[in-house]
Amino acid sequence: GGGGTGGEGGLRTCERLGAGALSGLLAQSVTYPLDVVRRRIQVDPPRCRSELEVASGILRSEGCRGLFKGLSINWAKGPFAIAISFWVNDALREHLTGRQS
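What counts and what doesn't
Residues numbered from 1 in each chain as written. Predicted model: local features only at pLDDT ≥ 70, side-chain atom pairs only at ≥ 80, totals over all residues. Heavy atoms only, no water. Helix = DSSP H or I, 4+ residues; strand = E, 2+ residues; numbered from the N terminus. Buried < 20%, exposed > 50% of the residue type's maximum accessible area, 1.4 Å probe, protein only. Areas by Shrake-Rupley, 256 points an atom, 1.4 Å probe, with all protein chains shown as cover. Salt bridge = Lys/Arg side-chain N within 4 Å of Asp/Glu carboxyl O. Axes fitted to C-alpha atoms, helices over the stretch in contact; angles between N-to-C directions. Parallel < 35°, antiparallel > 145°, perpendicular 65-115°, else oblique. Contact = heavy atoms within 4.5 Å. Nonpolar A, V, L, I, M, F, W, Y, C, P; charged D, E, K, R; others polar.

Describing the overall build of the protein chain
Scanning the protein chain from N- to C-terminus turns up three helices and zero strands. Taken from the N to the C terminus, the helices and strands of the protein chain come in the order α-α-α. In the protein chain, buried positions account for 22% of the 101 residues. Carbon and sulfur atoms form 63% of the exposed surface of the protein chain, whose accessible area is close to 7,200 Å².

Put into structure tokens, the structure is as follows:
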């Protein structure tokens with residue numbers, strides 16, 4: 001037994017949670033600037049002509065850090081939620097496919 005879901009050669013529960021947390025952290029870090037731009041457009045739509053204009057304005061006025069403002073809060077909560085989602089998805093899939101055979 002592997003000590004969790006996954007069967008022969010599968011990942012243990014803690015490995016699945018870790019992989020989910022790491023992937024969530026990476027995905028949030030890469031896509032976060034797009035969320036910042038989206039939020040700025042939602043807050044003040046008339047002033048925003050395009051996404052590129054908003055992003056370049058943030059870079060001009062706040063520097064690169066402006067595109068990542070607030071990311072640390074998401075790092076604190078996001079990976080846990082994503083890790084649990086990955087684990088639940090895998091466990092349910094394994095349970096359902098196990099029932100079908």
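Back to the write-up after that little detour.
Brief notes about the pattern of salt bridges
For the structure shown, the criterion picks out seven salt bridges. Residue D35 is joined to R38 by a salt bridge in which the shortest nitrogen-to-oxygen separation is 3.5 Å. With D35 and R38 both in helix α1 (residues 13-43) and three residues apart, the pair spans about one turn of that helix. Among the residues examined, D35 registers a relative accessible area of 28% and is labelled partly exposed. Taken together, the salt bridges that share partners define one network made up of R40, E62 and K69.

Digging into the packing of α1 against helix α2 (residues 51-62)
Two numbers describe how α1 lies on α2: the axes approach to 10 Å, and their chain directions differ by 105°. The orientation of α1 relative to α2 falls into the category roughly perpendicular. Along the contact surface, α1 presents V36, V37, R40 and I41, while α2 presents E51, V54, A55, I58 and E62. When its residues are assigned to classes, the contact of α1 with α2 shows six nonpolar, no polar and three charged.

Thoughts on the side chain of N74
By the secondary structure assignment, N74 is in helix α3 (residues 71-100). Exposure remark for N74: the relative accessible area of 17% places this residue in the buried category. Here N74 is in contact with Q28, Y32 and P79, once residues within four sequence places are set aside.

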